[in-house]
Amino acid sequence: KVFLQMLAFHRPALCTAKLTQYLDLIKTNVNRPSQCLSILWAIGQCGIVDLRCGLRVWLDVMQPCLGIRSVASYPVEYLEKLFEWHKHTQVAYGEIGMREYFHLLDTIFTPTFNIQGDLRKRLQAIYPEVKNIAYGANPSQDLHTFFASYLRRAEPNCCA
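About the cut-offs
- Residues numbered from 1 in each chain as written.
- Predicted model: local features only at pLDDT ≥ 70, side-chain atom pairs only at ≥ 80, totals over all residues.
- Heavy atoms only, no water.
- Patch = residues over 30% accessible without salt bridge, like charges linked within 9 Å, V, L, I, M, F, W, Y side chains within 5 Å.
- Areas by Shrake-Rupley, 256 points an atom, 1.4 Å probe, with all protein chains shown as cover.
- Salt bridge = Lys/Arg side-chain N within 4 Å of Asp/Glu carboxyl O.
- Helix = DSSP H or I, 4+ residues; strand = E, 2+ residues; numbered from the N terminus.
- Buried < 20%, exposed > 50% of the residue type's maximum accessible area, 1.4 Å probe, protein only.
- Contact = heavy atoms within 4.5 Å.
- Expected span 1.5 Å × (residues − 1).

1. Thoughts on a nonpolar patch on the surface
And then number 1: Taken together, the side chains of Phe-3, Leu-4, Leu-7 and Leu-14 make up a nonpolar region of the molecular surface, amounting to roughly 390 Å² of accessible area.
And then number 2: Counting residues per element, the nonpolar patch draws most heavily on helix α1 (residues 2-10), at three residues.
And then number 3: Locating Leu-4 in the fold gives a position in helix α1.
And then number 4: Taking the relative accessible area as the measure of exposure, Leu-4 reaches 42% and is therefore partly exposed.

This is the structure:
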């Protein structure tokens, strides 16, 4: 673990190179929570030094793990820590795309998505930070691209 931590800390881009393989590894070990948590912890170390890499790890690997009850609390805790470690989120503008943003929005605010209640509340508390990164540096110029997706979600039963 120490070697993996050092590698992720000093070369954060290495962690993001094979995220789909890490997710596959977690899916094959879904009945072994301790191994899943070790994998999540190891690849999450890159977020300590690089907010963009940390967000990429969270979006591609940890967010899908929210549906795995035995490890679901770790991705939420990691995202909270990520925003504690990095107070200035401007460096991450553009890292959360519109599709990823709305997927996360649906995950957090759609009651039918299978997340424990306390984890949902914690994600809702972090949501403004995520929204700020998704909107980017010039929200007044870019928000028109979000409008159609917001409008679709205002329709009854759109996300159920």
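2. Observations regarding the side chain of Gln-63
And then number 1: Tracing the sequence through the fold places Gln-63 in the loop between α5 (51-62) and α6 (73-85).
And then number 2: In this structure Gln-63 comes out as buried when scored by relative accessible area, which is 5%.
And then number 3: Apart from residues no more than four positions distant in its own chain, Gln-63 is found in contact with Trp-58, His-103, Leu-104 and Thr-107.

3. Some details on helix α7 (residues 98-109)
And then number 1: The first and last C-alpha atoms of α7 sit 16 Å apart over twelve residues, in line with the 16 Å expected at 1.5 Å per residue.
And then number 2: All of the buried residues in α7 are Tyr-101, Phe-102, Leu-104, Leu-105, Thr-107 and Ile-108.

4. Some remarks on the pattern of salt bridges
And then number 1: If you walk through the whole model with that rule in mind, you get six salt bridges.
And then number 2: Here Glu-95 ties to Arg-52 by a salt bridge, and the two come within 3.1 Å at their closest N and O atoms. With Glu-95 in the loop between α6 and α7 and Arg-52 in helix α5, this residue pair connects regions lying 43 residues apart in the sequence.
And then number 3: The class for Arg-52 is partly exposed, based on a relative accessible area of 32%.
And then number 4: Three or more residues joined by partner-sharing salt bridges are found here, namely Arg-52, Arg-56, Asp-60, Glu-95 and Glu-100.

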